[in-house]
Amino acid sequence: MNVNQSAPPVPPFGQPQPVYLGHHQSSYGGQPGSTTAPTSYGAYNGPVPGYQQPPPPGVSRAPPSSGAPPVSTAQGPCGQTAYGQFGQGDVQNGPSSTVQMQRLPGYQPFGSGILAPVVSQPAVLQPYGPPPTSAQSFGGPPVSQPNHVPSPAPQALPPGTQMTGPPGPPLPPMHSSQQPGYQLQQNGSFGPTRGPQSNYGSPYPGAAAFGSQPGPPQPLPPKRLDPDAIPSPQLNELPPQQKTRHRIDPDAIPSPIQVIEDDRNNRGSEPFVTGVRGQVPPLVTTNFLVKDQGNASPRYIRCTSYNIPCTSDMAKQAQVPLAAVIKPLARLPPEEASPYVVDHGESGPLRCNRCKAYMCPFMQFVEGGRRFQCCFCSCINDVPPQYFQHLDHTGKRVDAYDRPELSLGSYEFLATVDYCKNNKFPSPPAFIFMIDVSYNAIRSGLVRLLCEELKSLLDFLPREGGAEESAIRVGFVTYNKVLHFYNVKSSLAQPQMMVVSDVGDMFVPLLDGFLVNVNESQAVITSLLDQIPEMFADTRETETVFAPVIQAGMEALKAAECAGKLFLFHTSLPIAEAPGKLKNRDDRKLINTDKEKTLFQPQTGAYQTLAKECVAQGCCVDLFLFPNQYVDVATLSVVPQLTGGSVYKYACFQVENDQERFLSDLRRDVQKVVGFDAVMRVRTSTGIRAVDFFGAFYMNNTTDVELAGLDGDKTVTVEFKHDDRLNEENGALLQCALLYTSCAGQRRLRIHNLALNCCTQLADLYRNCETDTLINYMAKFAYRGVLNSPVKTVRDTLITQCAQILACYRKNCASPSSAGQLILPECMKLLPVYLNCVLKSDVLQPGAEVTTDDRAYVRQLVTSMDVAETNVFFYPRLLPLTKSPIENTTEPPAVRASEERLSNRDIYLLENGLNLFLWVGASVQQGVVQSLFGVSSFSQITSGLSVLPVLDNLLSKKVQGLIDSLRAQRSRYMKLIVVKQEDKLETLFKHFLVEDKSLSGGASYVDFLCHMHKEIRQLLS
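Residue positions within a chain follow its written sequence, with the count starting from 1. Only residues with pLDDT of at least 70 get local features here, since the model is predicted, and only at 80 or more are side-chain atom pairs given and counted; chain-wide, interface and lining totals rely on the full set of residues. Working from all heavy atoms in the structure, the side-chain values ignore hydrogens and water.

(A) Expanded view of the pairing of strand β8 (residues 323-326). For each residue, the accessible area found with a 1.4 Å probe, counting protein chains only, is set against the maximum for its type, and the residue is called buried under 20%, exposed over 50%, and partly exposed in between. The helix and strand labels rest on DSSP assignments: H or I over at least four residues marks a helix, E over at least two residues marks a strand, and numbering proceeds from the N terminus. Here β8 shows two buried faces, one formed by Ala323 and Val325 and the other by Ala324 and Ile326. Each pair of strands is called paired provided DSSP finds at least two bridges between the two strands. With three bridges connecting them, strand β6 (residues 301-303) and β8 associate as antiparallel partners. Residue pairing for β8: Arg302 is matched across the bridge by Val325. Pairing of β8 with strand β26 (residues 716-722), which is carried by four bridges, proceeds in the antiparallel orientation. Bridge pairing links Ala323 to Glu719 in β26.

See below:
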């Protein structure tokens, strides 16, 4: 464990929390809390953990070899640390009270004007207890006051008490019983209390009354200074050498790494049992097992809050969005069982007559089991005779645990013919491969590579359960300015080609022999795939069509009366004369103007109309793009987006560099389980309703989410609003019902149920929020906003909402304290850092090198990401590879995404779900370079290398294994890029160090925190 990340474990949510004597507090599981004495928070900016002894005042010391580099290194341009400083020079353990950090001339913090930020020694002790105080506080610098407030005994601290720590030399470390050598952390987790310290007065006589005004004999506690009271001279008023500023110690602000690590330690070992209403699940970054006992697993549904305000007024006051991120077909780890399939025969699943909700564990059986009361609308329904069962003494049916729909949160029903189109059961779906054979596609080697791969890939089409072969049929089309259809009927000796040149009026020239069973037509298909690259090898045709290709695929599925998926492989802007023809409208001059939104909007309405027809037919489109220049992703991605499909983009595709990434994505895309021709509806209990939806789907009305295809990676995000008052006793219920056709052609209903708590106290809302889900929702909300509003307006809206959320907490839940302190709710303390990452993302604040197509691509990608994907996408993982012993094969603990954490003697791996960088420091040991790259020195490493040599040594195997395991965790293949320190590629790498100031003008984490603090104080005043 890295010295910067250790913390004594915190009890998980489901277990009793420490409470203050005399304060009764029930824990999250509903049991009364234990009455142990509280332990208090460590000082935010206490000594850096891991150091065993503080040096004598004035003695400096080099940093430890395994820790992150010290934060007090010299500043380079753009507020970034000069590389040459790493691991060298004298560094004090924590800035002393007399030394101020230097800022270079011209440095401007985020926001207008010079904001006096929190000083780097605000040791604030915050007790851990019931919600008004389970807050994290840092800020309000006690600059030069004498500190004569001792640490009283734990019982003496009533909730809400805060103490300022000494601004002088670092305090001696404390040792926790669980982790010798480690001490209290600055991240809001709690540890052993401080004992009395030398040089500080003995405890007050009347310790129990600490916090109230002391009597005359004692000196008054120091008044907390306000940041605004600290003179912060304007930079231009000072001669260069005097331009000093208070600098917040980055270790003194909430660390994502620490929060993730704490949650893993506290909640990773026990299974998450879903039987209790309103439990907050472990974080998405924690590996945990789920036991379904009546509520859907967090793998299927995650909420922004598990405790909803009872009234709309309270919800408006808090401004916390009430939303659920739903992933109906999520893949489960092998240790967890897939949802049971329930077959009720011809009568079909049992439903409420009024609101049509499906039978679930929350339905109440009455009158001896002959009727049931709907938990969503309270309607009393008759139980059909064949479903009748007696009740036990508690009012539960005696067969409740034999029936998945009465005991589990997630299950499936086999649908009857009434749930099928035209009242007939569906045919198995079909896959159609549509290949661009224009000059660009042939010249790059794409067509040959693809045809070669398809020969073997078609043996791995998705199949149902234990089926020997897939029921999916396949078809093939090639195109440039015209379309070529292929007859691959098994009785033919050779495939036959039919050309349709009238692209304005598209039709399918053959029915029989176009969609075939792979096994039956294997020989003909192989022959076709061998011939395609040869047939078009000498083509000079550079123009392509696009809309007619999708039209043709959809017409083919319509003629075959089945749903299915089109796999389109396309290279260039479709400028040939045809419906859906596009022009190059790329214009960087529109950035930061009111017309910027047009860059994200489709050029023409033709693609929306086409998408609507595709959805009606159950035709899902997956688009693989291989552009060398602008292709208008914003327009081309409309059909994949509205049909529940995916877009993959390989700019400047070269077989030798991009082959592995493309083939890996293609294999996964073809093999993954998909639900076709799907409709999803979210029902809620009285008091709230679903009002808004985000994701890759089409909506014809206000309630039904229509998906031509839905796979296990896609999410639908739903926002809820109040339409009546809720009550605490009943809570709130959600039921997500997905009707879909399986890969084998079976019509099914998948049901997910979730019960949430309701609260009348804001503190309960803030105690049960989940920041990762909140950020997922806010990013999607913002990314949709750029379609209709200027980007600046969208950014300001996000900042305002975040400030309102935190100001409401500060005003209503936190204990009274100086306005100079920033106090954050315990489970939202990462909201500012994560929100800043969203604000700095390419969609909302593009750098000069980001293309319009890149922005449109990321925008549609994030729209259907799940919570784990947005978490790592906005705050990438940075893993040091050479700090832990080579023999240790477990994943190394991550460090914070900041240049200050990089040491030039180490190698780091950075991943964000789409990219993978290997950063090599200039002073890495020669032996490490030899073991990993097979060359003898740093200068011989090829910058931009995308494949590491496979070498027979421990380090090489360890790094290769780690890269493979990271790739396995993500839904898309991450291409590796090797970046050498101070190489031109390093600018790209630094773009992902999201805690630092970005080149496009995005604020650093520290500056943004100061800005948020200012916004909150403006709201409060």
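(B) Here's a closer look at the pairing of strand β20 (residues 619-625). Among the seven residues that make up β20, seven are buried, leaving the element largely enclosed by the rest of the structure. What you see with β20 is no split at all: Cys619, Val621, Leu623 and Leu625 on one side and Cys620, Asp622 and Phe624 on the other are buried throughout. Strand direction decides the pairing type here: strand β19 (residues 564-570) and β20, joined by seven bridges, are parallel. By the bridge assignment for β20, Leu566 is matched with Val621. Crossover handedness for the path β19 to helix α8 (residues 606-617) to β20: right-handed. As judged from the three bridges shared by β20 and strand β21 (residues 647-649), these two strands associate in the parallel manner. Across the sheet, the residue bridging to Leu625 is Lys649, located in β21. A right-handed crossover is one whose linking path, passing over the helix from the first strand to the second, runs clockwise when the strands point away from the viewer.

(C) Seen up close, a nonpolar patch on the surface. Each patch is built from residues lacking any salt bridge and having more than 30% relative accessible area; the joining distance is 9 Å for like charges and 5 Å for nonpolar side chains (Val, Leu, Ile, Met, Phe, Trp, Tyr). Residue exposure ignores everything except the shown protein chains as possible cover, and the areas themselves are Shrake-Rupley values with a 1.4 Å probe. The term salt bridge refers to a pairing of a side-chain nitrogen on Lys or Arg with a carboxyl oxygen on Asp or Glu at a separation within 4 Å. Side chains of Met497, Val499 and Met535 sit close together on the surface and give an oily, nonpolar patch of about 250 Å² of accessible area. Given a relative accessible area of 38%, Met535 falls into the partly exposed group.

(D) Representation of the packing of aromatic side chains. Whether two aromatic rings pair depends on their centres lying within 6.5 Å, for rings of Phe, Tyr and Trp, where Trp uses its six-membered ring; planes under 30 degrees apart make the pair stacked, over 60 edge-to-face, and the rest tilted. For the structure on display, the rule yields 29 aromatic pairs. On the basis of an interplanar angle of 55 degrees and a centroid distance of 5.8 Å, the ring pair of Tyr908 and Trp919 is categorised as tilted. In this pair, Tyr908 sits in strand β31 (residues 907-911) while Trp919 sits in strand β32 (residues 915-920), placing the two residues 11 residues apart along the sequence. Here Tyr908 and Trp919 have matching classes, each one buried. Three or more aromatic residues joined by ring pairs make a cluster, and in this case those are Phe569, Phe624, Phe626, Tyr648, Tyr650, Phe653 and Phe662. Put simply, a charge is over a ring when the Lys NZ or the Arg CZ is close to the ring centre, within 6 Å, and near the line of the ring normal, within 35 degrees. In this structure, Lys649 is placed above the aromatic ring of Tyr857, and the distance from its NZ or CZ to the ring centre is 5.6 Å.

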